Amino acid sequence: MLTQLPKRRVAAAALAVFALTSVFALDWLSLGQLVCLAFGLSLGWLARPWIAHNEPQRRSSTEVVAQDISTLQQAFAVLKQQVSATIQTSETAVMSMGQRMGRVHENSQALHTRLVEAVQHSEQLSADSLAQSEHHASAVSQLAEHQQRFEEARQHLLARVRGSAEQVRQLTPLATLISEISRQTNLLAINAAIEAARAGPEGAGFKVVAAEVRRLSAQTADAARQVAEGIAHVASGIDTEAQSLQLHAGESAAKQLNEIAQHIQDMSATLGEVVPYLSELSKEMDAGVDRVSADIVDTLGDMQFQDINRQLLEQINDALGSLSNHFSQLYQLIDGQAPPPPLLLEELLQLWTSNYVMHSQRVAHVLALNGSSSEVATGQASAVESQLELAGSGGPRIELF
Amino acid sequence: MKHIFLVDDSATMLMSLKGTLEISGFKVDTATDGELALSRLQQGLKPDLIITDINMPRMDGIALIREARKLLRFIPILALTTESQQGKREEAKKIGATGWLVKPVGGSDLVAVIRQVLPGA
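Quick notes on the rules
Residues numbered from 1 in each chain as written. Chains lettered and ligands numbered in written order. Predicted model: local features only at pLDDT ≥ 70, side-chain atom pairs only at ≥ 80, totals over all residues. Heavy atoms only, no water. Helix = DSSP H or I, 4+ residues; strand = E, 2+ residues; numbered from the N terminus. Buried < 20%, exposed > 50% of the residue type's maximum accessible area, 1.4 Å probe, protein only. Contact = heavy atoms within 4.5 Å. Areas by Shrake-Rupley, 256 points an atom, 1.4 Å probe, with all protein chains shown as cover. Buried area = accessible area lost by both parts, 1.4 Å probe. Salt bridge = Lys/Arg side-chain N within 4 Å of Asp/Glu carboxyl O. Pairing = 2+ DSSP bridges. Axes fitted to C-alpha atoms, helices over the stretch in contact; angles between N-to-C directions. Parallel < 35°, antiparallel > 145°, perpendicular 65-115°, else oblique. Right-handed = clockwise from strand over helix to strand, strands pointing away. pLDDT = per-residue confidence, 0-100. Arc of directions from axis to C-beta. Patch = residues over 30% accessible without salt bridge, like charges linked within 9 Å, V, L, I, M, F, W, Y side chains within 5 Å.

**Describing the overall build of chain B**
Here's step 1: The helix and strand inventory of chain B stands at five helices and five strands.
Here's step 2: Buried positions account for 56% of the 121 residues belonging to chain B.
Here's step 3: Taking the intrachain contacts of chain B between residues at least 6 apart in sequence as the baseline, contacts between residues at least 24 apart amount to 65%.
Here's step 4: Just so you have it, chain B exposes about 5,000 Å², and 51% of that area is on carbon and sulfur atoms.

Written as structure tokens, this is what we have:
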């Protein structure tokens, strides 16, 4: 049936849609807004005669089909543009993800290489420290052994020195005894000389003997003094020797301790290298991990393209569904089994725009419609620009209110 | 650790955002539509920030922002959406959204915005 006029249907549908959307938009909140709604509906009702007067003559089925077929190229252009936008979104996102994954791989490799170097360096430091520790242990062990041997030798020498000193001290009474004997001998010699003088010439020989005895006594006394001095000299020598032994023992221990102190300083220097090395390594690792994390975060952000493509494809799917339904109705119209579709294909194309949520969809639609025109009319560029302006950018991508 | 509540009907978006935010040191909860999100808030969930999609089944992001604002007056709420209609952006602003982000938003950019609306995060 071709008796129904599409524009009348459109007007009725528009009124119904206006009424319904107004009701939902108002959210039953405002009485004033409800009054406005009633006023709008009343105006629509009163305008019916004007709408009927201005309706064009009804179209024949041939005209409807012809017009829709002529619009078909635009419909496919819109769908093609939308599919191209989807493909471009995918390509851009996948390329970006690929590049980021490449950077993640490079950063991971760099971190791995740095870690291997760090492990090798740490192993070397560990081996050095171990060797130094073993050296210290050996030095300390040698020092202890040396000290043990020295102590034994010192004790042995000390005993010997003490024995010698005792022996020397035992000689001192002998010198005193010799001195006493000398003194007694001298007294006897004096008495003998006195007695020889009293005996007169008969005692002359005895006088000579007494003189010899006195001289011998003096020599004995001198020998006793020399013995005492000798004993004192030997005792002094023994003391000097004992002090010398003790002094050398201290020098040896000090030398060993100095060596150990030097080794400990070397070990401290090695450990001193480790701390800044580990600190630098830690900073490098942190920076590397930060770079990897940043790339992973941005790659995860790129995955949002899937949601965008899903919405693009859902819209394309809906459009294809409506297109299929439209042409099914046209087929029935040609067969004379059904009235013309409620909307012309051109109107259906316009209806698709109501499902668009993305700026890119609206731009693709405008570009497809204008790009699919067979001839480019003068001034069309400015018309496209004005339509693109109507599509609007939707504001900045990130806006804080 | 700041707590962020993500609302989106896309599993991919939730995975992407959750991963991004957890790597960046945030605690994350998720819901797959406005109605479920509102239910969680009514049960006492008190996030430091809500990030919601706009075009969702059952309850859209605009309605969620409106209802969430009644429960949590002062927390920031960001809309993260493919929706480019200026009218919806204005409506979100009017009912108390803190910001409007158009997908896709790079991970670094998203974290920077979050740190801007969540001082100390």
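**Section: the interface of chain B and chain A**
Here's step 1: Counting residues at the interface gives 37 residues for chain B, matched by 26 residues for chain A.
Here's step 2: A buried area of about 2,700 Å², summed over both sides, lies between chain B and chain A, and 55% of it is on carbon and sulfur atoms.
Here's step 3: Contact with chain A buries surface across chain B, with Thr82, Ser84 and Arg89 of chain B losing the most and accounting together for 20% of the total.
Here's step 4: Counting every contact that joins chain B to chain A gives four salt bridges.
Here's step 5: A salt bridge links Asp307 of chain A to Lys103 of chain B; the shortest N-O distance between them is 2.6 Å.

**Some points on the sheet that holds strand E2 (residues 27-31) of chain B**
Here's step 1: Spatially, the six strands line up as an open sheet ordered E1(A)-E5(B)-E4(B)-E3(B)-E1(B)-E2(B), and their pairing is mixed. Strands at the two margins of the open sheet, each flanked by one partner only, are strand E1 (398-400) of chain A together with E2 of chain B. Geometrically, the sheet is characterised by an average inter-axis angle of 15° between neighbouring strands, direction not taken into account.
Here's step 2: One ladder, built from four bridges, connects strand E4 (residues 77-81) of chain B with strand E5 (residues 99-102) of chain B; its direction is parallel.

**Quick notes on the pattern of salt bridges**
All names here are of chain B.
Here's step 1: As enumerated under the stated definition, the model contains 26 salt bridges over all chains in all.
Here's step 2: The salt bridge involving Glu22 is made with Lys18; its shortest N-O contact spans 3.0 Å. A residue pair is termed a helical-turn pair when its members lie 3 or 4 positions apart in one helix, as Glu22 and Lys18 do in helix H1 (residues 11-23) at four residues.
Here's step 3: Judged by its relative accessible area of 40%, Glu22 falls in the partly exposed class.

**As for the packing of helix H3 (residues 61-71) of chain B against helix H4 (residues 86-94) of chain B**
If you want to describe how two helices pack, look at the angle between their axes and the distance between the axes.
Residues and elements named next belong to chain B.
Here's step 1: Two elements in contact, H3 and H4, have axes separated by 10 Å at closest approach and are oriented at 10°. It follows that H3 is roughly parallel to H4 by the angle criterion. Residues Ile62, Ile65 and Arg66 of H3 form the contact with H4, whose own contacting residues are Lys88, Glu91 and Ala92.

**Some points on the pairing of strand E1 (residues 3-7) of chain B**
Residues and elements named next belong to chain B.
Here's step 1: Counting buried residues along E1, five of its five residues qualify, which places the element largely inside the surrounding structure.
Here's step 2: The alternating pattern of E1 places His3, Phe5 and Val7 on one face and Ile4 and Leu6 on the opposite face, and all of these are buried.
Here's step 3: Across five bridges, E1 lies against E2 in parallel orientation. Pairing of Phe5 across the sheet is with Asp29, part of E2.
Here's step 4: A crossover connection joins E1 to the parallel E2 through H1; in handedness this β-α-β unit is right-handed.
Here's step 5: Here E1 runs beside strand E3 (residues 49-52); their pairing, made up of four bridges, is parallel. Looking across to E3, one finds that Val7 is bridged to Thr52.

**Remarks on the confidence of the model for chain B**
Here's step 1: In this model, chain B carries an average pLDDT of 92, and 100% of its residues clear a pLDDT of 70 or more.
Here's step 2: Taken over the whole predicted complex, pTM reads 0.58, whereas the ipTM for its chain interfaces reads 0.88.

**A closer look at the confidence of the model for chain A**
Residues and elements named next belong to chain A.
Here's step 1: Summing up the model confidence of chain A, the mean pLDDT is 75 and the portion of residues at 70 or higher is 77%.
Here's step 2: In the model of chain A, helix H1 (residues 6-26) stands out as the element of lowest mean pLDDT, 45, in contrast to E1, which has the highest, 91.
Here's step 3: Counted against residues more than four places away or in other chains, residues 373-378, with its pLDDT under 50, gives two contacts.

**So, unusual backbone geometry**
All names here are of chain B.
Here's step 1: With an omega of -5°, the peptide bond running from Lys103 to Pro104 counts as cis.
Here's step 2: Here Pro104 shows up in the loop between E5 and helix H5 (107-117).
Here's step 3: Residues other than glycine seldom take positive phi values, yet Arg58 does so here, at roughly 65°.
Here's step 4: Its place among the elements puts Arg58 in the loop between E3 and H3.

**Observations regarding helix H7 (residues 345-352) of chain A**
Here's step 1: Leu345, Leu348, Leu349 and Trp352 of chain A are the residues of H7 of chain A that are buried. Down the axis of H7 of chain A, the buried set is contained in an arc of 105°. They therefore lie on one face.

**Digging into a nonpolar patch on the surface**
Here's step 1: On the surface, a nonpolar cluster with roughly 350 Å² of combined accessible area is contributed by Leu171, Leu174, Leu177 and Ile181 of chain A.
Here's step 2: Tracing the sequence through the fold places Leu177 of chain A in helix H4 (residues 61-199).

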